[in-house]
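# Chain and residue survey
Chain residues, written in single-letter form:
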Amino acid sequence: MGANSSSISELPENEYLKKLSGAEPISENDPFWNQLLSFSFTAPTNSADLKLLEEATISVCKSLVEKNPRTGNLGSLIKVFLSRTKELKISAECQNHLFIWQAHNALFIICCLLKVFISRMSEEELQLHFTYEEKTPGSYGTECEDLIEELLCCLIQLIVEVPLLDITYSISLEAVTTLIVFLSCQLFHKEILRESIIHKYLMHGRCLPYTSRLVKTLLYNFIRQERSPPPGTHVFQQQTDGGGLLYGIASGVATGLWTVFTLGGVGSKATPQLEQCSPLANQSLLLLLVLANLTDAPDTPNPYRQAIMSFKNTQDSTAFSSSNPHAFQINFNSLYTALCEQQKSDQATLLLYMLLHQNGNVRTYVLARTDIENLVLPILEILYHVEERNSHHVYMALIILLILTEDDGFNRSIHEVILKNITWYAERVLTEISLGSLLILVVIRTIQYNMTRTRDKYLHTNCLAALANMSAQFRSLHQYAAQRIISYTCRHLRRYVYVLDKLYFPPSHCSTLQHCFSSLSDNGEELLSLTCSHILRAYASSLFSLLSRKHNKVLEQATQSLRGSLSSNDSPLPDYAQDLNVIEEVIRMMLEIINSCLTNSLHHNPNLVYALLYKRDLFEQFRTHPSFQDIMQNIDLVISFFSSRLEQAGAELSVERVLEIIKQGAVALPKDRLRKFPELKFKYVEEEQPEEFFIPYVWSLVYNSAVALYWNPRDIQLFTMDSG
């Protein structure tokens, strides 16, 4: 950092900033503003320099907060910016750099000041600072109460009306950033803001008519992924080594103030990752997510959410509903392509979730695509690398799959898409596999990871729901996918027996039991070789019946009894009862998934029947279990039917011959012998008060991902630092 650090730290002592935050009122017509705004810079992007800039800004703000009630200099600065933007659209069309340049610089200063103001005062206090004018201390202007609204409206107009060119890129980005900063008061409250002054301005009055245009522009910014212009075309590039600026009229002005901001002067060079992405696209998406998740006003729903819920494809010629004034059209093909390409980021996955869940037009379009693998594969890759992703990103990816699997057409089509060489799947070389089989493999892997690591019931429930939705349309399952379905079920069947064993026969009791057996008759040595698991399996049916009748009570009494009999030196009894309930739930659902496939598409899935027969001994142990007895009927029938045909065919059959017998048997098996169950269908429904989840999540994304924005982590109240 070196000299850069010291340069930034000297900003509070600069004469121009001291005058801005000083005791002397500055008229909006004062030549001082031309001096203040004539600087050339590249905004800092690395966190260390952003932190230094923040700290330097704080001292200026403290002075401004103290003096502004008497000077009204904040209002004057904002009015100067507003005057500079009046000709902005024409300036862009005429390539007039001066207006754009000074307007950007004014907005950058406003944004820096606002960020500190908002983090350190209430909205009411902030609003008050916008009303102060150059008058006696504490007096108010007659028309200044709407200066916030005028600034907000100006920022929105700038975003939606000024064409995106190389010379306007930075001011467009700054306008989006400033709107995020305006809304950042949520970061400094633990509770969700339901009545906010800034929210009110954005949802009513002069800003409201721009709702659909703002949402549309932000979406197109995301779609286009425009990269930051190269330095050679940047409006803020210096042209001489001596600090001279773009225009002779500003030559030599303020060079002492802003040398720290000359190109390359602030912080280290942006990382390759930042250089490769589009700052405007990223910032626009974050603002869109923030706006869409604002809470409804008492008298009106969130208009930005309404716009997201109702926009249509440009090829859709149907009339707009009169009930929604915020509807608009956008190119769905371009949107789909951008969503497919950007799924590595949390915010793009969250946008996809919102569109699939809330916009029926988008959902219908996505489900009709013939290249659905371009969208599904990135989602599967998120789930596959679950240990590298934050839990919220994994939830969103999983819920997207659940929403997609609600559609039978999707469930059929994914088995028709054949993929080659999935390089990121490391457990097995997959040279050729259907998208449907790959989806099954990844979801089962996610469940397994969750059950062994995070043990999140919400996660495994939704994974199982997605598999259940697909099960009736399983087609030509890859042998590895079929094997994983059966082996995962068997794993939990074994685990179930193991937990029962531990629950009813802890080690201390086993040793006592074995000692009693060995002291019996001449058969003591044989009895000694018995383990509790042997005993459990021998009396499995009666034990299962007992659990069925008084499951919770038995577990509670057994736990109390065992704990009471343990000596004080023994370790505490693990909570196996809770494990048992979860395992039983997973087993039940997996058996229903297998049953659904066998009932609806047995003849399409010989590999699943093969895997089932391979593990038939374990399944047969559970045919009389009261919790699974009904669902085991069809599975047991299939096992018996095909086992009989294999026995008739002789011993030492090859894999190919076994599969041939299974295919022949699938045709011969009378369908009416399989008991019909209600179709497995699960639908995603947002929980009550979804804002309690989504608003902290969105702001954690802003905190972690926004370009050139830094907040002191000690000031954040909305979420803990590890929740993002």
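This text goes with the structure placed above it.
Residues numbered from 1 in each chain as written. Predicted model: local features only at pLDDT ≥ 70, side-chain atom pairs only at ≥ 80, totals over all residues. Heavy atoms only, no water.

### With respect to unusual backbone geometry
With the exception of glycine, most residues fall at negative phi, and the peptide bonds are largely trans. Non-glycine residue Ser 476 carries a positive phi angle of around 45°. Among the structural elements, Ser 476 can be located in the loop between α24 (457-471) and α25 (479-504). We note that Ala 708 has phi near 60°; this positive angle belongs to a residue other than glycine. Locating Ala 708 in the fold gives a position in the segment after α35 (691-705). (Helix = DSSP H or I, 4+ residues; strand = E, 2+ residues; numbered from the N terminus.)

### Concerning helix α7 (residues 97-120)
Taking 1.5 Å per residue as the helical rise, α7 with its 24 residues ought to reach 34 Å, and the 35 Å between its terminal C-alpha atoms agrees with that figure. In terms of burial, α7 is a largely internal element, 20 of the 24 residues being buried. (Expected span 1.5 Å × (residues − 1). Buried < 20%, exposed > 50% of the residue type's maximum accessible area, 1.4 Å probe, protein only.)

### Points about the environment of Leu 82
Following the sequence through the fold, Leu 82 ends up in helix α5 (residues 73-85). With relative accessibility at 8%, the residue Leu 82 sits in the buried group. In this structure the C-alpha to C-alpha distance between Leu 82 and Leu 155, which are 73 residues apart in sequence, comes to 9.3 Å. Those residues in contact with Leu 82 that sit more than four places away from it in its chain are Leu 147, Glu 150, Leu 151 and Cys 154. (Contact = heavy atoms within 4.5 Å.)

### A short note on the nonpolar core
Grouped together as the largest cluster of nonpolar side chains are 230 residues, with contacts concentrated most on Phe 81 and Phe 619. In terms of residue count, the dominant contributor to this core is α7 (14 residues). Leave out the neighbours within four places in its chain, and Phe 81 touches Ala 103, Ala 106, Leu 107, Ile 110, Leu 151, Cys 154, Leu 155 and Leu 158. (Core = buried A, V, L, I, M, F, W, Y, C linked by side-chain atoms within 4.5 Å.)

### Some thoughts on the environment of Leu 77
Mapped onto the fold, Leu 77 is located in helix α5. Classification of Leu 77 as buried rests on a relative accessible area of 0%. Beyond its immediate sequence surroundings of up to four residues, Leu 77 is in contact with Trp 33, Ile 109, Ile 110 and Leu 113.

### Some points on the packing of aromatic side chains
Tallied over the entire structure, the rule returns 20 aromatic pairs. Here the aromatic rings of Tyr 384 and Tyr 425 are separated by 5.2 Å at their centres, their planes lie at 40°, and the arrangement is tilted. Of this pair, Tyr 384 sits in helix α20 (residues 373-384) while Tyr 425 is found in the loop between β3 (418-420) and β4 (432-434), placing the two residues 41 residues apart along the sequence. Residues Phe 693 and Tyr 697 carry aromatic rings whose centres are separated by 5.8 Å and whose planes lie at 45° to one another, so their mutual orientation is tilted. Of the two residues, Phe 693 and Tyr 697 are both situated in helix α35; the distance of 4 residues between them amounts to about one turn of the helix. Relative accessible area serves as the criterion here: at 1%, Tyr 697 is assigned to the buried category. Of the aromatic side chains, those joined through ring pairs into one cluster are Phe 311, Phe 328, Phe 332, Tyr 336 and Tyr 365. Note that Arg 428 overlies the ring of Tyr 480, its terminal NZ or CZ placed 4.0 Å from the centroid. Over the ring of Tyr 384 we find Arg 445; its NZ or CZ atom is 4.0 Å from the centre of that ring. (Phe/Tyr/Trp six-rings, centres within 6.5 Å; stacked < 30°, edge-to-face > 60°. Lys NZ or Arg CZ within 6 Å of the ring centre and 35° of its normal.)

### Details of the pattern of salt bridges
What the rule picks out here adds up to 14 salt bridges. In this structure, the salt-bridge partner of Arg 588 is Asp 630, at a minimum N-O distance of 2.7 Å. A residue pair is termed long-range when its members are at least 10 positions apart, and Arg 588 in helix α30 (residues 576-601) and Asp 630 in helix α33 (residues 629-649) qualify at 42 residues. Here Arg 588 falls in the partly exposed class, since its relative accessible area comes to 23%. Taken together, the shared-partner salt bridges connect Arg 194, Glu 691 and Glu 692 into one network. (Salt bridge = Lys/Arg side-chain N within 4 Å of Asp/Glu carboxyl O.)

### Some words on the side chain of Ser 310
Examined against the element boundaries, Ser 310 turns out to sit in helix α16 (residues 303-310). Only 2.8 Å separates the side chain of Ser 310 from the backbone oxygen of Gln 306, close enough to count as a polar contact. For Ser 310, the residues in contact, after removing those within four places along its chain, are Asn 324, His 326, Ala 327, Asn 359 and Asn 361. (Polar contact = N/O pair within 3.5 Å; in protein donor to acceptor, adjacent residues only side chain to side chain.)

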